[in-house]
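This is what each chain is made of:
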Amino acid sequence: MDKIKVLFASSEVSPFIKVGGLADVVGALPVELNKNDVDARVILPLYKSIKMKYRDELKFLGWKMVHMGWRSLYAGLFSIEKNGTIFYFVDNEYYFNYDQVYVEYVFDIERYCFFQRAALDFIGDFMSFEPNILHCNDWQTGMMPMLLEAHFKRHGYHKDIKTVYTIHNLKYQGIHGTDVVSEMLDIPSEYLKEGLCIKDDAINFTNAGIVYSNSVTTVSPTYAFEIMTDYYGEGLNGILRRYAFKVSGILNGINDLEYRPSVDSSLPMKYDISNYEEGKAVCKKSLQEQLKLDINPDVPLCVMISRLVDQKGLDLLLYVLEEMLYDGMQIVILGTGDKYYEQALASVASKHPNSMCACIDFDNGLAHTIYAASDIFLMPSIFEPCGLSQLISMTYGSVPVVRETGGLKDSVIPYNEYTGEGNGFSFANINAHEFLFVTKYACDLYRHHKDVWKKLIEEGMSGDYSWKKSAREYIGLYSLISGITYEDSQPEIDKKSSVNPKILEIKTKELKNPTPSKIAAPPMAKPDSSKKKTSKVTRISKNKADSSAKVEKKEEKAVVDKKATANKPTPSKAAPKKESKKDNKRK
């Protein structure tokens with residue numbers, strides 16, 4: 001059986017370089033795929049900090065000149081093997097010799113145009129690796145599926161490579177002038193059309209990734225549905241509905257080696273599900289002492305670890321923050337972001353030094369302690385493609401309060417007081433007092449219903465939020481689009497799965513009739529007939545069509561029979577007899 005070979009392309013990858021959640025995903029998923037007998041590798045830019053830190057480990061593989069319009073620029077290729085995975089690095093000091101990952105937006109467009117061209121030039125003989133799947137991530141690699149088609153496949157190279165494009169956050173799309181980008185990337189004129197790589201008279205990297213990839217994924221099933229609506233679509237909801245047939249959502253996982261309280265050395269006391277009450281009590285007291293809060297084991301400690309930006313629902317929190325403190329909660333906020341939110345939170349904390357602390361910083365060790373010490377984790381996000389904090393909080397026994405959006409809706413099952421089901425709390429609308437009331441309800445259960453609270457904690461801690469399930473779902477996708485068979489690539493759904501299965505039913509209903517395409521889409525690549533492949537999909541589709549026809553005939557017959565017997569009253573459903581005028585007069 002052939003191994004599926006996957007090459008990930010990304011602008012940031014943990015543990016080498018990290019700005020956001022993208023790095024966590026591309027750092028962990030390939031490692032898990034390799035554990036499942038997939039040959040997964042990663043390519044990223046060789047930033048200055050990586051070159052300095054890993055200087056002795058980097059292996060030089062060679063160099064070549066890469067065309068960028070009228071220029072030919074040096075590109076070096078280095079590699080490191082780490083955690084059983086090979087990582088490739090594209091070197092060019094003009095573009096990547098900076099202290100920060102992202103420099104300036106217009107220059108970043110040029111930097112990642114170079115990276116995409118260089119990465120494609122290195123594929124194959126140069127790196128001794130010809131992938132079956134090229135997995136691109138966010139706008140920084142969004143043009144690669146189109147460039148693969150325009151520069152290579154049409155000339156007979158890399159014809160068997162299929163592409164996956166993952167949207168981690170649709171808000172950032174990579175938009176720039178057509179003349180500049182088309183010159184740097186040498187884009188043929190037939191590709192420079194509205195609806196292909198152009199959106200609203202400008203090159204749009206994300207739009208191109210959606211159109212030219214064989215499959216589009218998002219980081220949660222609900223987010224895959226949300227981005228096809230006007231509110232969450234960021235102007236691309238139309239193109240996403242047009243290509244809805246290839247859009248799917250796979251929930252991210254977390255690194256269970258880093259985020260596990262039983263082995264977390266940064267905690268005052270390690271614990272697991274068998275002794276979490278003692279462990280969390282020790283961590284809570286330690287955090288209260290460290291942040292100079294009132295030492296009280298019975299007060300509900302509500303926390304938030306986040307970038308301080310409007311997307312994270314900071315406006316909702318600030319609107320009701322005083323009421324939450326008045327209700328007897330302790331509040332701890334950790335993070336940095338917009339100066340407005342930093343100053344507003346610090347101002348409220350200065351008025352309530354014994355019950356609130358705003359840590360305008362990011363300390364990873366402190367973050368781990370906060371997860372372990374907290375009773376309630378707050379995530380009132382306006383939108384959240386996936387979210388990892390709610391998964392980490394449940395692992396540490398902190399009960400999440402979230403807004404029902406994106407990955408939060410998929411992973412947090414709201415507590416049902418009638419059935420006892422759930423692992424957290426949620427609210428539906430972007431409404432500050434709805435957020436407040438749900439949080440107060442959670443605090444009430446914490447104070448007065450210890451048995452319920454204990455069950456919520458244990459339900460959260462017993463969940464599997466690792467990359468194991470997500471990796472197997474990706475393998476199933478790779479197998480589907482490449483035609484390479486993989487045994488057990490469609491695992492059974494775990495009853496304690498972090499994905500809410502209802503989203504599948506919702507998505508099917510909402511997207512049953514997507515907007516028809518007015519622009520001819522690039523042809524979907526057909527699997528290689530020389531590779532072993534079954535035809536179950538065709539047979540299943542045919543059987544479904546036949547069964548649907550039979551159902552329609554039965555329904556037509558039932559309607560005819562119903563009309564024929566409609567005027568025959570039955571004893572149980574006979575209409576009451578109307579009174580005549582004479583009867584009324586007698587009465």
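Computed from a prediction, not measured in an experiment: that's the story for all the values here. (Residues numbered from 1 in each chain as written. Predicted model: local features only at pLDDT ≥ 70, side-chain atom pairs only at ≥ 80, totals over all residues. Heavy atoms only, no water.)

Caption draft 1: Spotlight on the pairing of strand β13 (residues 301-305). With respect to burial, β13 is a largely interior element, five of its five residues being buried. Residue alternation in β13 divides its side chains into two sets, L301, V303 and I305 and C302 and M304, and both sets are buried. Inspection of the sheet shows β13 paired to strand β14 (residues 330-334) by five bridges, in the parallel sense. Looking across to β14, one finds that L301 is bridged to Q330. When β13 meets strand β16 (residues 376-379), the two strands line up parallel, connected through two bridges. Note on β16: the bridge partner recorded for C302 is I376. (Buried < 20%, exposed > 50% of the residue type's maximum accessible area, 1.4 Å probe, protein only. Helix = DSSP H or I, 4+ residues; strand = E, 2+ residues; numbered from the N terminus. Pairing = 2+ DSSP bridges.)

Caption draft 2: Seen up close, the nonpolar core. I43, F89, F114, M143 and L240 are the most contacted members of the largest nonpolar core, which has 102 residues in total. Counting residues per element, this core draws most heavily on helix α4 (residues 105-122), at 10 residues. If we ignore the near neighbours within four places in the chain, the residues touching L240 are I167, L170, I210, I227, M228 and V247. Counting 77 residues, the second largest nonpolar core, distinct from the first, contains Y259, L321, Y341 and V452. (Core = buried A, V, L, I, M, F, W, Y, C linked by side-chain atoms within 4.5 Å. Contact = heavy atoms within 4.5 Å.)

Caption draft 3: Region of interest: the packing of α4 against helix α5 (residues 144-152). At a minimum axis separation of 10 Å, α4 and α5 run at an interaxial angle of 55°. By the angle class used here, α4 and α5 are oblique. As for the relative orientation of α4 and α5, their crossing is right-handed in sense. Packed against α4, whose contacting residues are Q116, R117, A119, L120 and D121, the element α5 presents M144, L147, L148, H151 and F152 at the interface. The residue makeup of the contact of α4 with α5, split by class, is six nonpolar, two polar and two charged. (Axes fitted to C-alpha atoms, helices over the stretch in contact; angles between N-to-C directions. Parallel < 35°, antiparallel > 145°, perpendicular 65-115°, else oblique. Left-handed = near helix turned anticlockwise from the far one by under 90°. Nonpolar A, V, L, I, M, F, W, Y, C, P; charged D, E, K, R; others polar.)

Caption draft 4: A look at the pattern of salt bridges. Considering all chains together, one arrives at 16 salt bridges under this definition. The residue D108 makes a salt bridge to R111 at a minimum N-O spacing of 2.7 Å. Linking D108 with R111, this pair stays in helix α4, spanning three residues, or about one helical turn. We note that D108, like R111, is buried. (Salt bridge = Lys/Arg side-chain N within 4 Å of Asp/Glu carboxyl O.)

Caption draft 5: A look at the pairing of strand β4 (residues 71-82). Pairing analysis gives nine bridges linking strand β3 (residues 59-68) to β4, with the strands arranged antiparallel. If you follow W63 over to β4, its bridge partner there is G76. Here β3 folds back onto β4, and the loop between the two strands holds two residues, one of which, G69, carries a positive phi near 70°. Pairing geometry for β4 and strand β5 (residues 85-91), over seven bridges, is antiparallel. Along β5, the bridge assignment pairs G76 with D91. The hairpin formed by β4 and β5 contains two residues between the paired strands, and N83 there has a positive phi angle of roughly 55°.

Caption draft 6: Representation of unusual backbone geometry in the model. Here the amide bond leading from S14 into P15 is cis, since omega sits at 10°, within 30 degrees of zero. Structurally, P15 is set in the loop between β1 (5-9) and α1 (21-35). The phi angle at K292 is positive, at roughly 60°, despite the residue not being glycine. Relative to the helices and strands, K292 is located in the loop between α10 (276-290) and β13.

Caption draft 7: Just the side chain of T222, in detail. In this fold, T222 is placed in helix α8 (residues 221-226). Engagement of the side chain of T222 in a polar contact is seen with the side chain of D410, the distance being 2.6 Å. (Polar contact = N/O pair within 3.5 Å; in protein donor to acceptor, adjacent residues only side chain to side chain.)

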